[in-house]
Amino acid sequence: MTDSTIRTHTDERRANETETERKKKTETEATRSSDERERCPECGGNVLSDAEHGETVCDDCGLVIDDAEIDRGPEWRAFDSAEKDEKSRVGAPTTNMMHDQGLSTNIGWQDKDAYGKALSSRQRQKMQRLRTWNERFRTRDSKERNLKQALGEIDRMASALGLPENVRETASVIYRRALEEDLLPGRSIEGVATASLYAAARQAGTPRSLDEITAVSRVEKDEIARTYRYVIRELGLEVKPADPESYVPRFASDLDLSDETERRARRLLKSAKEQEIHSGKSPVGLAAAAVYAAALLTNEKVTQNEVSGVASISEVTIRNRYHELLEAEERASV
C-alpha cells in the first residue's frame, strides 16, 4: 500500500470522526435545550402547560414561565364525533347544490401557472385536454349528467328570484330524492327542478307565486303545477298552504312603502283570517290587495297598476279583494 493511499484512508477516517462528533454535539445541545424547556429555571421542577389560561407554569413552585402561549387548537367545541366531523375544516364544505357535493377537483380556466405567468401554446392545449377529460370523468353516467343539469337550473332560477341559500339547498335535496325514487321518467328535468324549487320556497316560508316561478322557468305553468302536485304526493312532503302575510314584506319593499303601511296590511289580513274570508282565495291576490288597501288608509300614493306589476296579478283581482278586506275590518271593528 502506497503512502498516498494510506493518507487518503486516514483523511476519510478523520472526516468520518469529525462528522460523528458534530452529530453527537448537535444531539446533546438539542437534549439540553429540551431539558431546559421542561425544567423550571428557579427550582428545576417539572414544567406544565395550562391551555385554559395560555400559561406555562412550574408544577412545584408555581412560577409562571410564559404567559402568552398561542392556542393552536380549534376555536370551536364538539360534543360528539358527528359534530366534530361537521365542524372540522379540511377543505370546502360539502353541499347538495353540486352534483358531486363539491368533492371533486376543478381545473381553473385561467391559462396561468402558479406564479401568474401565462402558459405557452403547447401547455394551453394540454390544459384544455385535461379540462375536457376532467369534465367527462365528473359526469360519467346519465344520472350524474341529469343531476348536474337540474342543479344548475335550480341555482339559476333561485338567483333570478332572489331566494336564499337554504332554499336552494332544500330544493337540491328534494330533486335528489325524486331522482332516487325514479320519479323522472315521463317528465322533463326542468319541470321537476322547477317544482322542487317551488316546494322548497314554500317550506322555507319565503314563497314565490306560480306566475313568478313560471317567469324564470323554461316550462309552462300547467306543467309546473302538475309536476309539483305529483312530486309532493309521491315524496310525502309536508307543504303548508302559503300564508298571505309572507308576501307582504316583499311587496311593500318593492313598492317602497313605509313600515306603517306594512303593519296595516298585516292587520287587514288578520281580520280576514278571523272571519275566514281568505279561504279558497289566492294568497298572492289577498296580499297584494292588503298592501293596496293599507297604502290608501295611510295616505301613501300607490296605484293598482304598480301593485299589479309587483305581485304579477290582474288589477281586477286587486279591486275585488281589497273591497272584501275593508268590509271584513269594518265588521270586525263593530
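Rules used in this analysis
Residues numbered from 1 in each chain as written. Predicted model: local features only at pLDDT ≥ 70, side-chain atom pairs only at ≥ 80, totals over all residues. Heavy atoms only, no water. Pairing = 2+ DSSP bridges. Helix = DSSP H or I, 4+ residues; strand = E, 2+ residues; numbered from the N terminus. Core = buried A, V, L, I, M, F, W, Y, C linked by side-chain atoms within 4.5 Å. Buried < 20%, exposed > 50% of the residue type's maximum accessible area, 1.4 Å probe, protein only. Contact = heavy atoms within 4.5 Å. Expected span 1.5 Å × (residues − 1). pLDDT = per-residue confidence, 0-100. Polar contact = N/O pair within 3.5 Å; in protein donor to acceptor, adjacent residues only side chain to side chain. Salt bridge = Lys/Arg side-chain N within 4 Å of Asp/Glu carboxyl O.

## Some thoughts on the pairing of strand E2 (residues 55-58)
Relative to E2, strand E1 (residues 47-50) runs antiparallel, the two being bridged by 4 bridges. Across the sheet, the residue bridging to Leu-48 is Val-57, located in E2. Taken together, the 2 bridges between E2 and strand E3 (residues 64-66) define a ladder with antiparallel strand orientation. By the bridge assignment, Thr-56 is partnered in E3 with Asp-66. Counted along the chain from E2 to the antiparallel partner E3, the turn is 5 residues long, and its residue Gly-62 has a positive phi close to 80 degrees.

## Here we look at the nonpolar core
It is characteristic of soluble globular proteins that their nonpolar side chains tend to be buried jointly. By size, the foremost hydrophobic cluster in this structure holds 36 residues, and its most contacted members are Ile-154, Leu-163, Ile-174, Tyr-175, Leu-184, Leu-197 and Leu-235. At the level of elements, helix H4 (142-161), helix H5 (165-180), helix H6 (189-203), helix H7 (210-216) and helix H8 (221-235) are the ones that each hand at least two residues to this core. When residues of this core are assigned to their parent elements, the largest contribution, 9 residues, is made by H6. Excluding its chain neighbours within four sequence positions, the residues that come into contact with Leu-163 are Ala-158, Arg-168, Leu-197, Ala-201, Thr-206 and Arg-208. Counting 32 residues, the second-largest nonpolar core is a separate cluster that includes Leu-257, Ile-277, Ala-290 and Ala-295.

## Digging into H8
The end-to-end C-alpha distance of H8, which contains 15 residues, comes to 21 Å, matching closely the 21 Å that a straight helix rising 1.5 Å per residue would cover. All of the buried residues in H8 are Ile-224, Ala-225, Thr-227, Tyr-228, Tyr-230, Val-231 and Leu-235. Next to the buried residues of H8 lie H5, H6 and H7.

## Section: the confidence of the model for the protein chain
Chain-level statistics for the protein chain give a pLDDT mean of 80 and a share of 79% at 70 or above. Note that residues 30-36 has pLDDT below 50 and, in this model, 0 contacts with residues that lie over four places away or in other chains.

## A look at the environment of Gly-309
By secondary structure assignment, the location of Gly-309 is in helix H12 (residues 304-311). The class for Gly-309 is exposed, based on a relative accessible area of 55%.

## Observations regarding the side chain of Arg-131
Within the secondary structure, Arg-131 is located in helix H3 (residues 121-138). Those residues within four positions of Arg-131 in sequence are excluded, and the remaining contacts are Ile-107, Gly-108, Trp-109, Gln-110 and Asp-111.

## What about the side chain of Ser-196?
Structurally, Ser-196 is set in helix H6. Within the structure, Ser-196 has its side chain in polar contact with the backbone oxygen of Val-192 (distance 2.8 Å).

## Re the pattern of salt bridges
All chains considered together, the criterion is met by 13 salt bridges. Salt-bridge contacts for Glu-245 lead to Lys-273; the nearest nitrogen and oxygen are separated by 3.3 Å. Taken together, the residues span a long stretch of sequence, with Glu-245 in the loop between H8 and helix H9 (248-254) and Lys-273 in helix H10 (residues 259-274) at a distance of 28 residues. Taking the relative accessible area as the measure of exposure, Lys-273 reaches 26% and is therefore partly exposed. Residues Glu-262 and Arg-266 are paired through a salt bridge, measuring 3.4 Å at the closest nitrogen-oxygen approach. One end of the pair is Glu-262 and the other is Arg-266, both in helix H10 and 4 residues apart, which spans about a single turn. For Glu-262, a relative accessible area of 19% translates into the label buried. Accessibility expressed as a relative area gives 27% for Arg-266, which makes it partly exposed. Several salt bridges converge on common partners, so that one network encompasses Asp-243, Glu-245, Glu-262, Arg-266 and Lys-273.

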